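# Architecture at a glance
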Amino acid sequence: MSNIQWFPGHMAKARREVTEKLPMVDVVIELVDARIPESSRNPLIDEITQNKRKVIVLNKSDLADSKLTNQWIQHLQTDDMPVVAVDAQHNKGIKQLQQVITKMMAPYFEEQKKKGVKPRAIRLMIIGIPNVGKSTIINRFVGKNQAQTGNKPGVTKQQRWLKIGRDFELLDTPGILWPKFEDPDVGKKLAITGAIKDSLLHMDDLALYLIDYMRQFYPEDLQTRYKISDNDLETLSSVDILLAITKNLGLKDNYDEASLRMMVDYRQDRLGQVTLDRPEVSPV
Ligand code: G4P
């Protein structure tokens, strides 16, 4: 893990860019990966976006354990900050997200109306770590409804707004915030889900982490995919299970290749819906 750093330069620049745009928007849509809702959050996000209306979107919910996704929704949501599960890839949850945002803005527009100000489109910005699905969700939002794109003077430069029907305007460039991966487990989870480059970590470390985790929480998925017997699962160490997987995949002793296959299987949803972050407090 020693070669992994939380790049302070990147972070400062990203923070500046996001902070610069915040005054222009009504609602921030914070995208996290539903499989790692905690690890894929930027630790400074709450500080950066404080006093701003915000919705958390658990994206890639098609890849996550739906039971845990519901627990995460309960865990993260507050009276002021709704949480919505979305599968941007298959266009699921986008309508619900738009409804939640409309509801959030209703009191503001009601107040404006009393002052004689007509309602206007709700201005939105998407932020999140790399690869969490920001571009995909922007495309889903725009869909076929995009009437036109326009420019508005920004704080320091021109911003392009995507008009979505009459109700929304979305900044076309999302805010990119970096994950913090000083914690080795967070780094591994980010790498397993594909949020950071594999090359930053040893493949077999990732595979062993996944095996350890799955034998605890998703043993049947692990057994089914890699033909691991009940006895092996109970008695072998995780290293020996990796060797068994390597053999069962016909890779002799090439456990690096087997580890890589496991990562591809995980990312392509061939290991079942496996959520790697678990909320600390379960809802009652
Ligand atoms: P970014 O802008 O935040 O960097 O992320 P981007 O939209 O490029 O999405 C990163 C990858 O995640 C893409 O896959 C995208 O298809 C996938 N993705 C986004 N949302 C979802 C989702 O809700 N579910 C699933 N299963 N995947 C999602 P890719 O392999 O990089 O590209 P491709 O599959 O589009 O070819």
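Now for a look at the structure at hand.

The subject of this paragraph is the nonpolar core. Counting 61 residues, the largest nonpolar core has Ile-101 and Met-262 as its most contacted members. When residues in this core are grouped by element, the largest group, eight residues, is from helix H7 (residues 203-217). If we skip the residues at most four places from it in the chain, Met-262 touches Ala-207, Leu-210, Ile-211, Leu-222, Tyr-226, Leu-242, Ile-245 and Leu-271.

Next up on the list: the environment of Asp-167. Within the fold, Asp-167 resides in the loop between strand E6 (158-164) and strand E7 (168-171). For the pair Asp-167 and Arg-123, spaced 44 residues apart in sequence, the C-alpha to C-alpha distance is 8.9 Å. In this structure, Asp-167 is in contact with Ala-121 and Ile-122, ignoring residues within four places of it in sequence.

Our next topic: the pairing of strand E2 (residues 53-59). Most of E2 sits out of view: six of its seven residues are buried. Summarising the sheet, strand E1 (residues 27-33) and E2 pair through seven bridges and their orientation is parallel. Paired with Asp-33 across the strands is Asn-59, a residue of E2. When E2 meets strand E3 (residues 83-85), the two strands line up parallel, connected through three bridges. Paired with Leu-58 across the bridge in E3 is Ala-85.

Once that is clear, we can look at the site of the ligand. Ala-88, Asn-131, Lys-134, Ser-135 and Thr-136 are the nearest of the 15 residues found near the ligand. Lys-60 places a side-chain nitrogen or oxygen 3.1 Å from an oxygen atom of the ligand. Asn-131 has a polar backbone atom sitting 2.8 Å from an oxygen atom of the ligand. Bound to the protein, the ligand loses 62% of the 710 Å² it would expose on its own. If one sorts the elements of the shell around the ligand by residue count, helix H5 (residues 134-142) sits on top with three residues. Classifying every residue of the shell around the ligand by side-chain character gives five nonpolar, six polar and four charged.

Between helix H4 (residues 94-114) and H5, the least distance of the axes is 10 Å, while the angle of their chain directions is 80°. Classified by the angle their axes make, H4 and H5 are roughly perpendicular. From H4, Ile-94, Leu-97, Gln-98 and Ile-101 reach across to H5, where they touch Ile-137, Arg-140 and Phe-141. In the contact of H4 with H5, the residues fall into five nonpolar, one polar and one charged.

Attention shifts here to the side chain of Asn-59. Its place among the elements puts Asn-59 in strand E2. Polar contacts involving the side chain of Asn-59 include one to the main-chain amide nitrogen of Ala-88, which spans 3.1 Å. From its side chain, Asn-59 meets the backbone oxygen of Val-132 in a polar contact 2.9 Å long.

Moving on: the packing of aromatic side chains. Summed over the entire model, instances satisfying the criterion amount to four aromatic pairs. Between Tyr-213 and Phe-217 the ring centres are 4.8 Å apart and the planes differ by 45°, which places this aromatic pair in the tilted class. Pair noted here: Tyr-213 and Phe-217 are both in helix H7, with a separation of four residues, about one helical turn. A relative accessible area of 8% means that Tyr-213 is categorised as buried. Overall, Phe-217 belongs to the partly exposed group, its relative accessible area being 31%. Judged by centre distance (6.2 Å) and plane angle (40°), the rings of Tyr-213 and Tyr-218 are tilted. Look at Tyr-218 and you get buried, because its relative accessible area is 8%. In this structure, Arg-53 is placed above the aromatic ring of Tyr-108, and the distance from its NZ or CZ to the ring centre is 5.1 Å. Geometry around Phe-217 places Arg-278 over its ring, the cationic atom sitting 3.6 Å from the centre.

How each quantity is defined
Residues numbered from 1 in each chain as written. Predicted model: local features only at pLDDT ≥ 70, side-chain atom pairs only at ≥ 80, totals over all residues. Heavy atoms only, no water. Core = buried A, V, L, I, M, F, W, Y, C linked by side-chain atoms within 4.5 Å. Buried < 20%, exposed > 50% of the residue type's maximum accessible area, 1.4 Å probe, protein only. Helix = DSSP H or I, 4+ residues; strand = E, 2+ residues; numbered from the N terminus. Contact = heavy atoms within 4.5 Å. Pairing = 2+ DSSP bridges. Near = heavy atom within 4 Å. Polar contact = N/O pair within 3.5 Å; in protein donor to acceptor, adjacent residues only side chain to side chain. Areas by Shrake-Rupley, 256 points an atom, 1.4 Å probe, with all protein chains shown as cover. Nonpolar A, V, L, I, M, F, W, Y, C, P; charged D, E, K, R; others polar. Axes fitted to C-alpha atoms, helices over the stretch in contact; angles between N-to-C directions. Parallel < 35°, antiparallel > 145°, perpendicular 65-115°, else oblique. Phe/Tyr/Trp six-rings, centres within 6.5 Å; stacked < 30°, edge-to-face > 60°. Lys NZ or Arg CZ within 6 Å of the ring centre and 35° of its normal.

Interpretation in functional terms is not warranted from these geometric data alone.
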